[in-house]
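# Coordinate analysis (summary)
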Amino acid sequence: RAFQMGLGEAVQPLLARLVEESAAQAARFEARQLAGILHSCARFALPAEEVDLARLAAALAERIHGAPELELEVTAQGLRALAHLLGGMRIPAISGSNSSGPIE
């Protein structure tokens, strides 16, 4: 999708490096930021290695486990994005939220 935005092949290595560095520093991010990174990867089809997605997901899971009061919407956003990145699996909406449908 980055190609559709007119970014072209020249930007792909930069985007991949950005995701890689974000994953390497995942312990420094808050849950909302981690979910946002995963969401951006899914929405813009950013190039991401599985190991980097795993690091981001593990950090998000750690935040979720450590803070049960964490907003459900943050958790849903991160999980939906990860599911999309790992195979396009659709996760239904949570009652009262707008988190169903395609990643936008």
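Model, not experiment: these values are computed from the prediction. (Residues numbered from 1 in each chain as written. Predicted model: local features only at pLDDT ≥ 70, side-chain atom pairs only at ≥ 80, totals over all residues. Heavy atoms only, no water.)

Turning our attention to the overall build of the chain. Check the secondary structure of the chain and you find four helices and zero strands. Moving toward the C terminus, one meets the helices and strands of the chain in the order α-α-α-α. By the burial criterion, 34% of the 104 residues in the chain qualify as buried. (Helix = DSSP H or I, 4+ residues; strand = E, 2+ residues; numbered from the N terminus. Buried < 20%, exposed > 50% of the residue type's maximum accessible area, 1.4 Å probe, protein only.)

Time to look at the pattern of salt bridges. Evaluated as defined, the whole model comprises four salt bridges. Between glutamate 21 and arginine 17 there is a salt bridge whose closest N-O contact spans 3.0 Å. Taken as a pair, glutamate 21 and arginine 17 lie in helix α1 (residues 8-24) at a separation of four residues, close to a single helical turn. Put simply, Arg17, Glu20 and Glu21 are held in one network by salt bridges that share partners. (Salt bridge = Lys/Arg side-chain N within 4 Å of Asp/Glu carboxyl O.)

Formed by 20 residues in total, the largest nonpolar core has its most connected members in Leu34, Leu38 and Leu56. At the level of secondary structure, the elements contributing two or more residues to this core comprise α1, α2 (31-43), α3 (50-66) and α4 (72-85). If one sorts the elements of this core by residue count, α2 sits on top with seven residues. Excluding residues within four positions of it along the chain, leucine 38 makes contact with Leu53, Leu56, Leu60, Gly78, Ala81, Leu82 and Leu85. (Core = buried A, V, L, I, M, F, W, Y, C linked by side-chain atoms within 4.5 Å. Contact = heavy atoms within 4.5 Å.)

Moving on: α2. Taking 1.5 Å as the rise per residue, α2 with 13 residues should run 18 Å; its terminal C-alpha atoms sit 18 Å apart, in good agreement. The set of residues buried in α2 consists of Ala31, Leu34, Ala35, Ile37, Leu38, His39, Cys41 and Ala42. Alanine 45 sits one or two residues past α2 and shows a positive phi near 50°. (Expected span 1.5 Å × (residues − 1).)

Looking now at unusual backbone geometry. Of note, alanine 45 is a non-glycine position whose phi angle comes to about 50°, a positive value. Residue placement: alanine 45 occurs in the loop between α2 and α3. Note on alanine 45: relative accessible area 41%, which makes it partly exposed.

Below, the discussion takes up α4. Here α4 spans 20 Å end to end across 14 residues, near enough to the 20 Å set by a 1.5 Å rise per residue. Along α4, the residues classified as buried are Val74, Thr75, Ala76, Gly78, Arg80, Ala81, Leu82 and Ala83.

Low-pLDDT stretches of the model should not have their predicted coordinates read in fine detail. When the pLDDT values of the chain are averaged, the result is 78; 72% of them are 70 or greater. Mean pLDDT across the secondary structure elements of the chain bottoms out at α4, with 83, and peaks at α2, with 90. (pLDDT = per-residue confidence, 0-100.)

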